[in-house]
Amino acid sequence: MTTATGDGAGTAPVRGRSTRQRAAVAAALDQVDEFRSAQELHDMLKHRGDSVGLTTVYRTLQSLADAGEVDVLRTNDGESVYRRCSTGDHHHHLVCRICGKAVEVEGPAVEQWAETIAAQHGYVAVAHTVEIFGTCAECAAAAAKN
């Protein structure tokens, strides 16, 4: 998995009470490109010397998700994983099952389909999530060599 480097200077604010621990969680999210679980972020913070409890990590991630500042995916085993949104617009994800790399994609056909289905059944204010899982080109090439 690829990680981004940064000094946290562009760290987005975390809604709720501002604490050192919450700022550390937000900074950790800013330093990774791929989706990470709360446990992985907690371990990352521990190895950096940040004293942040796992409960605080979960609460902060939930707060960020509620504010629309992070993307949340559910893995095949039901675990939630998180990543900073790279766009504020509604989008979907194409996710590699092997390395976890995710690409944000638009889905105008999906949007139209969701609206049509909702209207046919009398629903309004509809929301949806669509995640597409597959194998990225790099992982497919590596598997072909084996």
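Numbers given for residues are sequential positions, taken from 1 along each chain in its written order. Under the rules for a predicted model, residues below a pLDDT of 70 receive no local features and side-chain atom pairs below 80 are neither given nor counted, while totals for whole chains, interfaces and linings still include all residues. For the side-chain quantities, the full set of heavy atoms in the structure was used; hydrogens and water were omitted.

Under an unreviewed UniProt entry, the protein has the name Transcriptional repressor and belongs to Streptomyces liangshanensis. UniProt positions are given in the numbering used here, feature names are shortened, and annotations may be inferred rather than shown by experiment. Listed under Subunit (unreviewed entry) in UniProt, the entry text for the protein is "Homodimer." You can read under Sequence similarities (unreviewed entry) in the UniProt record for the protein the words "Belongs to the Fur family."

Student: How do you make sense of the sheet that holds strand β4 (residues 92-96) when you look at a structure like this?
Tutor: Backbone-to-backbone hydrogen bonds pair the strands of a sheet. The strands run either parallel or antiparallel. Taken in spatial order, the three strands of this open sheet run β5-β4-β6, and their pairing is mixed. On the outer flanks of this sheet lie β5 (102-105) and β6 (131-134), each paired with one strand and no other. Recorded for the sheet is a direction-independent mean angle of 20° between the axes of neighbouring strands. Inspection of the sheet shows β4 paired to β6 by four bridges, in the parallel sense. Paired with Val95 across the strands is Phe133, a residue of β6. Paired strands, as defined in this entry, are two strands with at least two bridges between them according to DSSP. Strands here mean DSSP runs of E at least two residues long; helices mean DSSP runs of H or I at least four residues long; both are numbered from the N terminus. Axis definition: a line fit to C-alpha positions, over the contact stretch in the case of helices; interaxial angles, taken between N-to-C directions, run 0 to 180 degrees.

Student: Could you clarify how one ought to interpret the UniProt feature "binding site: Zn(2+)" (unreviewed entry) in the protein in this entry?
Tutor: UniProt feature "binding site: Zn(2+)" (unreviewed entry): in the numbering of this structure it lies at Cys96, Cys99, Cys136 and Cys139. Separation in sequence by 44 residues is not matched in space for these annotated residues, since their most distant C-alpha atoms are only 8.2 Å apart. In this structure, Cys99 sits in the loop between β4 and β5. The topology assignment puts Cys136 in the loop between β6 and α5 (137-145). Burial classes: relative accessible area under 20% of the type maximum marks a residue as buried, over 50% as exposed, and values in between as partly exposed (1.4 Å probe, protein chains only). For Cys136, a relative accessible area of 12% translates into the label buried. What makes two residues a contact is simply this: any of their non-hydrogen atoms within 4.5 Å. Sequence-distant contacts of Cys136, that is, excluding residues within four places in its chain, are made with Cys96 and Cys99.

Student: How should I be thinking about the nonpolar core in this particular structure?
Tutor: Across soluble globular proteins, nonpolar side chains show a tendency to be buried alongside one another. By convention a nonpolar core is built from buried Ala, Val, Leu, Ile, Met, Phe, Trp, Tyr and Cys residues, the set being connected through side-chain atoms within 4.5 Å. Among the nonpolar cores identified, the biggest contains 15 residues, and Val25, Leu29, Leu41, Leu45, Val52, Val57 and Leu61 are the most heavily contacted of them. Elements with a minimum of two residues in this core: α1 (20-30), α2 (38-48) and α3 (54-66). Beyond its immediate chain neighbours, meaning those up to four positions away, Val25 contacts Leu45, Val52, Val57, Thr60 and Leu61. Ranked by size, the runner-up nonpolar core spans five residues in total, among them Phe35, Leu73, Val81 and Ala102.

Student: Looking at this model, I keep getting lost on helix α4 (residues 108-120). Mind explaining?
Tutor: Three or four residues apart is the spacing at which side chains of an α-helix point the same way, because the helix has 3.6 residues per turn. A helix is expected to span 1.5 Å for every residue after the first. In this model α4 runs 18 Å from its N-terminal to its C-terminal C-alpha over 13 residues, within 8% of the 18 Å that 1.5 Å per residue would give. Phi turns positive, to about 80°, at Gly122, one or two residues after α4.

Student: Explanation requested: the environment of His91 in the structure shown.
Tutor: With respect to the helices and strands, His91 occurs in the loop between β3 (80-84) and β4. The sequence separation of His91 and Asp71 amounts to 20 residues, and the corresponding C-alpha distance is 9.6 Å. Residues within four places of His91 in sequence aside, it is in contact with Asp71, Cys85, Glu104 and Val105.

Student: Sorry, what's going on with the pairing of strand β2 (residues 70-74) here?
Tutor: The two faces of the sheet receive side chains in turn, since in a regular strand these alternate between them. Relative to β3, β2 is paired through five bridges, and the arrangement is antiparallel. Counterpart to Asp71 in the pairing with β3 is Arg83. Between the antiparallel neighbours β2 and β3 lie five residues, among them Gly78 with a positive phi of about 90°.

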